[in-house]
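Each chain, letter by letter, is given below.
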Amino acid sequence: MTQLQTKTANSPEVSSQWLDVSVPIYAGMVHFPDNPAIEIAKITDVESGDICTISRLALGSHTGTHIDAPMHFLPGGTGTEQVPLDHLIGPARVIEIKDPDLVRAEELRVHDLGVGERLLFKTSNSERCWKTSQFVPDFVSIAEDAASYLAGLNTLAVGIDYLSAGSPETHRTLLGAGVVIVEGLNLTGISQGRYELLCLPLKILGGDGALARVLLKVSNGAHGSKASAEGNKKASKRQGGG
Ligand SMILES: [Zn+2]
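Rules used throughout
- Residues numbered from 1 in each chain as written.
- Predicted model: local features only at pLDDT ≥ 70, side-chain atom pairs only at ≥ 80, totals over all residues.
- Helix = DSSP H or I, 4+ residues; strand = E, 2+ residues; numbered from the N terminus.
- Buried ≥ 20, exposed ≤ 12 C-beta atoms within 10 Å, placed from the backbone.
- Contact = placed C-beta atoms within 7 Å.
- Pairing = 2+ DSSP bridges.
- pLDDT = per-residue confidence, 0-100.
- Core = buried A, V, L, I, M, F, W, Y, C linked by C-beta atoms within 7 Å.

Visitor: Where do I start with the overall build of the protein in this structure?
Guide: Looking only at helices and strands, the protein features 5 helices and 13 strands. Looking at the 242 residues of the protein, the share that counts as buried comes to 40%. Counting only contacts in the protein whose residues sit at least 6 apart along the sequence, the fraction spanning at least 24 positions is 71%.

This is how it looks when you write it as structure tokens:
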């Protein structure tokens, strides 16, 4: 890792009032197991006497911090360029998940979720998974009952702090209901509360996923929650896709 990567790999960087909850992109970084490896190579370099420096990037569409488009899991689904940006810009809540295995509907109900919210789930993933460039298979993801619950609330966007929202059924339920899925967030150091969200995915035509820069700014309405850990029963997980 370069000095820059070391600096930003494990904690969000503060830029004025905005908190960067995106992960850095670099050659050899972690990726979902069946997704392409990340390669970044200079094809010209001013340090070698070339007139300018240009790199070639080879990476999967679900690399690092990114959104999933409906077509990622839904036949006939739309691509990244049609994902409504107003789902990804505006008031949002970071919710700290206590359950060590899954984001479950039972725990979400404690938080009095409203209709049409933008929700980012801070799980143990943030502290646990981004410290290593090895893929962590037992990451916390969104249970299918939680996906149904969020879909029923017409949630605008759901964010998770590792490389997959959960099972194929979780993806299909969320994407089918128009919920934009944001994956690969690093919420280390981010407290539960209310924020302004700015998530701008690349405009990839017909893209099943798009890398995104995601920023949070503390909202004046920021507050904690008295939510307690509940429902820690183990459940088998089947992850999908990245
Ligand atoms: Zn994805």
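Visitor: What should I look at first to understand the pairing of strand 3 (residues 39–44) in this one?
Guide: Consecutive residues of a regular strand have side chains that alternate between opposite faces of the sheet. Of all 6 residues making up strand 3, only 0 are buried, and the element is barely covered by its neighbours. The sheet contact formed by strand 3 and strand 4 (residues 54–58) spans 5 bridges and is antiparallel. Across the sheet, the residue bridging to Glu39 is Ala58, located in strand 4.

Visitor: For this particular structure, what's the right way to read the confidence of the model for the protein?
Guide: Low pLDDT means the predicted coordinates in that region are not meant to be read closely. In this model, the protein carries a mean pLDDT of 89, and residues with pLDDT of at least 70 account for 85%. Taken as a whole, residues 222–238 scores under 50 in pLDDT and shows 27 contacts with residues more than four places along the chain or in a different chain.

Visitor: Quick question: what am I supposed to make of the environment of Thr173 here?
Guide: Note that Thr173 resides in helix 5 (residues 168–176). On the basis of neighbour count, Thr173 is assigned to the buried category, with 24 C-beta atoms found within 10 Å. Sequence-distant contacts of Thr173, that is, excluding residues within four places in its chain, are made with Glu144, Ala147, Ser148 and Ala151.

Visitor: Got a minute to help me understand the nonpolar core in this structure?
Guide: Within soluble globular proteins, side chains that are nonpolar tend to cluster in buried spots. Core analysis: the biggest nonpolar cluster contains 51 residues, and Val103, Val158, Val180, Ile181 and Val182 have the highest contact counts within it. Element by element, the count of residues in this core is highest for strand 13 (residues 209–218), at 5 residues. Residues within four places of Val180 in sequence aside, it is in contact with Ile67, Val83, His87, Leu88, Leu156 and Ala157.

Visitor: Quick question: what am I supposed to make of helix 4 (residues 144–152) here?
Guide: Note: α-helices contain 3.6 residues per turn, so residues at a spacing of three or four share the same orientation. Burial in helix 4 covers these residues: Glu144, Ala146, Ala147, Tyr149 and Leu150. Structurally, helix 4 contributes buried residues whose contacts are with strand 7 (102–103), helix 2 (105–108), strand 9 (141–142), strand 10 (157–160) and helix 5. Of the residues flanking the end of helix 4, it is Asn154, one or two places downstream, whose phi is positive at about 50°.

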